[in-house]
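The chain contents come next:
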Amino acid sequence: MTRQTLQDLRLPKALIGDLARFDGAEDAVFLRGDVTVENGRVTGMIPAPATDAGGAILLPKFTEPHCHLDKCHTIARMGHTGGDLRAAIEAQRADKANWTDADLRTRALRGLSEYAAAGTRLVRSHVDWGDTPEPPRAWSLFLELASDPSGPALHLSALTSIPQMVDPAFAQTVARAIPEGHALGCFVYGHDGIETGLRHVFDLAARHGLPLDFHVDEGLDPALNGLEAIADMALATGFDGPILCGHACSLATRAPTEVARIADKLARAGIFVCLLPTTNLYLQGRRDGTPIARGVTLARELSTAGVRLVTGADNVRDAFCPIGRHDPIRSLELAILTAHLDPPLDRWLRMITTDAARALGADPGLLNGAPLDTLQIADARDLTGLISGAPLSPISLY
Ligand SMILES: [Zn+2]
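All values reported here derive from a predicted model rather than from experimental measurement.

Enquirer: I would appreciate a short explanation of the overall build of the protein chain in the present structure.
Expert: Across its full length, the protein chain carries 14 helices and 15 strands. Relative to the 2.2 N^0.38 estimate, which gives 21 Å for 398 residues, the radius of gyration of the protein chain is 21 Å and therefore close to what a compact globule would have. Overall, the C-alpha framework of the protein chain stretches about 65 × 50 × 45 Å when taken along its three principal axes. Counting every position in the protein chain, which comprises 398 residues, the buried fraction comes to 54%. In the protein chain, the share of contacts with a sequence separation of at least 24, taken over all contacts with a separation of at least 6, comes to 77%.

Enquirer: Is there a simple way to explain the coordination of the zinc ion in this structure?
Expert: Angles between donor atoms at a metal ideally measure 109.5 degrees for a four-coordinate tetrahedral arrangement and either 90 or 180 degrees for a six-coordinate octahedral one. Looking at the zinc ion, one finds its protein donor set to be H66 (NE2), H68 (NE2), H215 (NE2) and D314 (OD), positioned 2.1 to 2.3 Å from the metal centre. Note that the zinc ion binds 4 donor atoms; their angles at the metal cover 89 to 176°, and the shape is irregular. We classify D314 as buried; its relative accessible area is 1%.

Enquirer: Sorry, what's going on with the packing of helix α5 (residues 168–176) against helix α6 (residues 194–208) here?
Expert: For any two helices packed against each other, one specifies the crossing angle of their axes together with the interaxial distance. Contact geometry for α5 and α6: axes closest at 10 Å, N-to-C directions at 35°. You can see that α5 and α6 cross each other, and the crossing is right-handed. Here P168, A171, Q172, A175 and R176 of α5 lie close against α6, whose contacting residues are H200, L204 and H208. Classifying every residue of the contact of α5 with α6 gives 4 nonpolar, 3 polar and 1 charged.

Enquirer: Is there a simple way to think about the sheet that holds strand β7 (residues 120–128) in this case?
Expert: Sheets are built from strands paired through backbone hydrogen bonds, the pairs being either parallel or antiparallel. Across the sheet, which stays open at both edges, the 8 strands sit in the order β6-β7-β8-β9-β10-β11-β12-β13 with parallel pairing between neighbours. Of all the strands in the sheet, the pair left with one neighbour each is β6 (62–67) and β13 (309–311). Here the strands of the sheet are splayed against their neighbours by 25° on average, with no regard to which way each runs.

Enquirer: Mind showing me how you'd approach helix α1 (residues 85–95) here?
Expert: Three- or four-residue spacings in an α-helix give side chains the same orientation, since the helix completes a turn every 3.6 residues. All of the buried residues along α1 are L85, A88, A91, Q92 and D95. Along the long axis of α1, the arc covered by the buried residues comes to 125°, so they all point the same way. Of the exposed residues in α1, those oriented more than 90 degrees away from the buried face are R86, E90, R93 and A94. Of the surrounding elements, those touching the buried residues of α1 are β9 (183–188) and α9 (277–283). In this structure D84 caps α1, since a side-chain oxygen of it lies 3.2 Å from the backbone nitrogen of R86.

Enquirer: Sorry, what's going on with the domain arrangement of the protein chain here?
Expert: Interface size is commonly expressed as the accessible area that is lost once the parts come together. What the domain assignment reports for the protein chain is domain 1 (3–54 + 367–397) and domain 2 (62–359). Summarising the inter-unit geometry, the C-alpha centres of domain 1 and domain 2 are found 31 Å apart. Each partner contributes residues to the interface: domain 1 has 12 residues there, and domain 2 has 15 residues. For the domain 1 face of the interface with domain 2, the top three residues by lost area are A14, L15 and I387, together amounting to 47%. Inspection of the domain 1/domain 2 interface yields 0 salt bridges.

Enquirer: So what exactly am I meant to see when it comes to the packing of aromatic side chains here?
Expert: Any two aromatic rings considered together are summarised by their centre-to-centre distance and by the angle between their planes. One pass over the structure, following the stated rule, counts 4 aromatic pairs. Relative to F239, the ring of F202 lies with its centre 5.5 Å away and its plane at 80°, an arrangement referred to as edge-to-face. Note that F202 is positioned in helix α6 and F239 in the loop between α7 (226–237) and β11 (243–247), a separation of 37 residues in sequence. Among the aromatic residues, those joined into a ring-pair cluster are F202, F214 and F239.

Enquirer: Explain α6 here, please?
Expert: In this model, α6 (15 residues) spans 21 Å end to end at C-alpha, consistent with the 21 Å of a helix rising 1.5 Å per residue. Among all positions in α6, only I194, G197, L198, H200, V201, F202, L204 and A205 are buried. Looking one or two places after α6, you find G209, whose phi comes out positive at around 65°.

Enquirer: Whenever I open this one, unusual backbone geometry confuses me. Can you help?
Expert: It is generally the case that most residues other than glycine have a negative phi and that most peptide bonds are trans. In this structure, the amide linkage connecting P343 to the following residue, P344, adopts the cis form with an omega of 0°. With respect to the helices and strands, the residue P344 is situated in the loop between α11 (328–339) and α12 (346–349). In this structure, A28 takes a positive phi of about 55° despite not being glycine. With respect to the element layout, A28 can be found in the loop between β2 (25–27) and β3 (30–38). Exposure remark for A28: the relative accessible area of 64% places this residue in the exposed category. Backbone geometry places H340, a non-glycine residue, at a positive phi of 55°. On the secondary structure map, H340 appears in the loop between α11 and α12. On the basis of relative accessible area, H340 is assigned to the partly exposed category, the value being 44%.

Enquirer: I would appreciate a short explanation of the nonpolar core in the present structure.
Expert: Note that soluble globular proteins tend to have their nonpolar side chains buried in a common cluster. Ranked by size, the top nonpolar core spans 105 residues in total, and within it L184, F202, F214, I230, I243 and L386 carry the most contacts. With 6 residues, α6 is the largest single contributor of residues to this core. When we break this core down by domain, the ones giving at least three residues each are domain 1 (3–54 + 367–397) and domain 2 (62–359). L184 has contacts with S157, A158, M165, V174, I178, V201, L204, A205, L210, P211, L212 and D213, leaving out every residue within four places of it along the chain. Grouped together as the second largest cluster of nonpolar side chains are 11 residues, L122, L276, V310 and A359 included.

So, how was this worked out
- Residues numbered from 1 in each chain as written.
- Predicted model: local features only at pLDDT ≥ 70, side-chain atom pairs only at ≥ 80, totals over all residues.
- Heavy atoms only, no water.
- Helix = DSSP H or I, 4+ residues; strand = E, 2+ residues; numbered from the N terminus.
- Rg over C-alpha atoms; globule rule 2.2 N^0.38 Å.
- Buried < 20%, exposed > 50% of the residue type's maximum accessible area, 1.4 Å probe, protein only.
- Contact = heavy atoms within 4.5 Å.
- Donors = N, O, S within 2.8 Å, 3.2 Å for Na, K, Ca; no water.
- Tetrahedral: all angles 85-135°; square planar, octahedral: opposite > 155°, others 65-115°.
- Axes fitted to C-alpha atoms, helices over the stretch in contact; angles between N-to-C directions.
- Left-handed = near helix turned anticlockwise from the far one by under 90°.
- Nonpolar A, V, L, I, M, F, W, Y, C, P; charged D, E, K, R; others polar.
- Pairing = 2+ DSSP bridges.
- Arc of directions from axis to C-beta.
- Polar contact = N/O pair within 3.5 Å; in protein donor to acceptor, adjacent residues only side chain to side chain.
- Domains from an automatic or database assignment.
- Buried area = accessible area lost by both parts, 1.4 Å probe.
- Salt bridge = Lys/Arg side-chain N within 4 Å of Asp/Glu carboxyl O.
- Phe/Tyr/Trp six-rings, centres within 6.5 Å; stacked < 30°, edge-to-face > 60°.
- Expected span 1.5 Å × (residues − 1).
- Core = buried A, V, L, I, M, F, W, Y, C linked by side-chain atoms within 4.5 Å.

Quick look at the structure:
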């Protein structure tokens, strides 16, 4: 057995897991002391004197629960001048004429290298399924990228739509093309046939052992309530895999009693909700003048009701959002500002670490027992410094 000690570090208590062998000094949301390591894994903490130069933060590498590597970094060639969700969908559809193998691979690898540089260990990217049931070219290409063990792990989610999944033959062809570890996704936007489409999605996910990932209610029309339909289907079927619902914008337009009812169902079903502030801020609440609505879901109400939240970059430099970064810390920073996610910030740090991984059906990556190569050191002394962009280093360089 090899033993090591990492001297004088702060560990966020919310990310440790079993605290039994962590005997450090209490310091706000942290335990501070020397971290013990056996065979390359964190095993505990022992008390140690604080040093002037020490006290940096040890934390898991991040998880990105929601991005679009097939669309990223396309804005410069589009000539797109803004607009709402529909305008973005049309502009991005026209750009697909440029999606050669080399173009898709180059942009996706750029996105993945940006995630690696931002301290990310796991990325879920949606892939537009296209108009036919057979997998699009991007799906096959990105599965090849996902098999590369270097860089962040890549999980894919097939981005279909309710009108497609209402057709059982279409739905079955999609589900069969999704290997273990990747997800079945669906765009739910006030369509006809939501219940039928969702039933097919849930049945196929259960049969094939696939996690679920929805783009749901990406608009502020109160008539949009796919979120409750998903929660109802989850409760009715007893689906036991992870379910992630991105956007849920229209929840913000509902009466408090309806919000409470829907939030309770989401909590009981164990559904994760993903805040996607960049794209929501850019596309929602558009009018002739400056926007007033923020467009994001009711994060605070959901959290209070016991719904676990995560946050992601969503669109980076494409028709849906002309700016952005593949950087989970930036996503969290923006979520905190947009949704008033107040201190203490350790509960929100879960949105890009442990809970983000759970939402994907992955190991949460808690510090207790974690391999050192899944961890990183932030040159910060508190969480406001970390989330404001403190430098991050892998353990090997520390
Ligand atoms: Zn998205």
